[in-house]
Amino acid sequence: MSKAPNPVDKYVGSRVRMRRIMLGMSQEKLGEALGLTFQQIQKYEKGTNRVGASRIQQIAEILQVPVSFLFEGGPSGVAGPNGFAEGASPSYVSDFLATSEGLALTKAFTRITDSKLRRSIVDLVEQIAAREGPDKR
């Protein structure tokens, strides 16, 4: 039986993927900079393999972000009053931003300066999503 990835490892991997995509960098290019194969980068991004502290430091330098960027908004690992660890934002947000479509949509949407037009776009997308069925999160 295979063990499920640790939520923190999965989250850090998704942040690595998101930033790599933001920079237009391939898994192969990041792997070359780290002396790894693109398959190893895939495993890091999926949370399948844990990333050591020194490797996190290297990745952050290559991706031109502080190490804290890779952990921001993720699960803290600290149990809250209910006994559950709490994250600052739902996982579907980081999952969405880690896709090329999500990143492209976000970049394009933030370039729209007309607030009424932005609201209209949100309304349109919500109407389309409503046709697809109930929210499954």
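Keep in mind that what you see is a predicted model, and the values were worked out from it rather than measured. (Residues numbered from 1 in each chain as written. Predicted model: local features only at pLDDT ≥ 70, side-chain atom pairs only at ≥ 80, totals over all residues. Heavy atoms only, no water.)

Quick notes on the packing of aromatic side chains
Okay, step 1: Summed over all chains, the structure comprises zero aromatic pairs.
Okay, step 2: Sitting over the ring of Phe 69, Arg 15 keeps its end group 4.1 Å from the ring centre. (Phe/Tyr/Trp six-rings, centres within 6.5 Å; stacked < 30°, edge-to-face > 60°. Lys NZ or Arg CZ within 6 Å of the ring centre and 35° of its normal.)

Describing the environment of Val 67
Okay, step 1: By the element assignment, Val 67 lies in the loop between α4 (53-62) and β1 (75-79).
Okay, step 2: In this structure Val 67 comes out as partly exposed when scored by relative accessible area, which is 28%.
Okay, step 3: In the structure, Val 67 is positioned 14 residues away from Ala 53 in sequence and 9.6 Å away in space, judged by C-alpha atoms.
Okay, step 4: Not counting residues within four places of it along the chain, the set of residues in contact with Val 67 comprises Ile 56, Gln 57 and Ala 60. (Helix = DSSP H or I, 4+ residues; strand = E, 2+ residues; numbered from the N terminus. Buried < 20%, exposed > 50% of the residue type's maximum accessible area, 1.4 Å probe, protein only. Contact = heavy atoms within 4.5 Å.)

Looking at unusual backbone geometry
Okay, step 1: Its identity as a non-glycine residue notwithstanding, Gln 64 has a phi of 60 degrees, on the positive side.
Okay, step 2: Positionally, Gln 64 belongs in the loop between α4 and β1.

So, the packing of helix α1 (residues 7-22) against helix α3 (residues 38-46)
Okay, step 1: Following both chains from N to C, one finds α1 and α3 inclined at 120 degrees, their axes separated by 6 Å at the closest point. Comparing the axis directions of α1 and α3 gives the class oblique. Facing Asp 9, Lys 10, Gly 13, Ser 14, Val 16, Arg 17 and Arg 20 of α1, the residues of α3 in contact are Tyr 44, Glu 45 and Lys 46.
Okay, step 2: Within the contact of α1 with α3, the residues separate by chemical class into two nonpolar, two polar and six charged. (Axes fitted to C-alpha atoms, helices over the stretch in contact; angles between N-to-C directions. Parallel < 35°, antiparallel > 145°, perpendicular 65-115°, else oblique. Nonpolar A, V, L, I, M, F, W, Y, C, P; charged D, E, K, R; others polar.)

Some points on the pattern of salt bridges
Okay, step 1: All told, the structure shown has six salt bridges when counted by the stated rule.
Okay, step 2: With a shortest N-O distance of 3.9 Å, Arg 17 and Glu 45 are connected by a salt bridge. Residue Arg 17 is found in helix α1, and its partner Glu 45 is found in helix α3; the two are separated by 28 residues along the sequence.
Okay, step 3: Across the pair Glu 45 and Arg 20 runs a salt bridge, and its minimum N-O distance is 2.6 Å. Taken together, the residues Glu 45 in helix α3 and Arg 20 in helix α1 connect sequence positions 25 residues apart.
Okay, step 4: Accessibility expressed as a relative area gives 8% for Glu 45, which makes it buried.
Okay, step 5: Here the residues in one salt-bridge network are Arg 17, Arg 20 and Glu 45, joined through shared partners. (Salt bridge = Lys/Arg side-chain N within 4 Å of Asp/Glu carboxyl O.)

Observations regarding the packing of helix α2 (residues 27-34) against α4
Okay, step 1: Between α2 and α4, the least distance of the axes is 10 Å, while the angle of their chain directions is 120 degrees. Regarding the angle of α2 to α4, the classification is oblique. Our pair here, α2 against α4, has a crossing hand that is right-handed. Side by side, α2 and α4 meet where Leu 30, Ala 33 and Leu 34 of the first sit next to Arg 55, Gln 58, Ile 59 and Ile 62 of the second.
Okay, step 2: Taken together, the residues of the contact of α2 with α4 break down into five nonpolar, one polar and one charged. (Left-handed = near helix turned anticlockwise from the far one by under 90°.)

Brief notes about the layout of surface pockets
Okay, step 1: What the second largest pocket holds in volume is close to 300 Å³.
Okay, step 2: For the second largest pocket, the full set of lining residues is Phe 96, Leu 97, Leu 105, Thr 106, Phe 109, Ile 121, Val 122, Val 125 and Glu 126.
Okay, step 3: Only α5 (91-97), α6 (100-110) and α7 (115-132) provide two or more residues apiece to the lining of the second largest pocket.
Okay, step 4: The dominant element in the lining of the second largest pocket, judged by the number of residues it contributes, is α7, at four residues.
Okay, step 5: Its residues placed into classes, the lining of the second largest pocket shows seven nonpolar, one polar and one charged. (1 Å grid on protein atoms, 1.4 Å probe; cavity = no way out; pocket = protein on both sides within 12 Å on 5 of 7 lines; lining within 4 Å. Points joined across faces, edges and corners; volume = space filled by probe spheres on them.)

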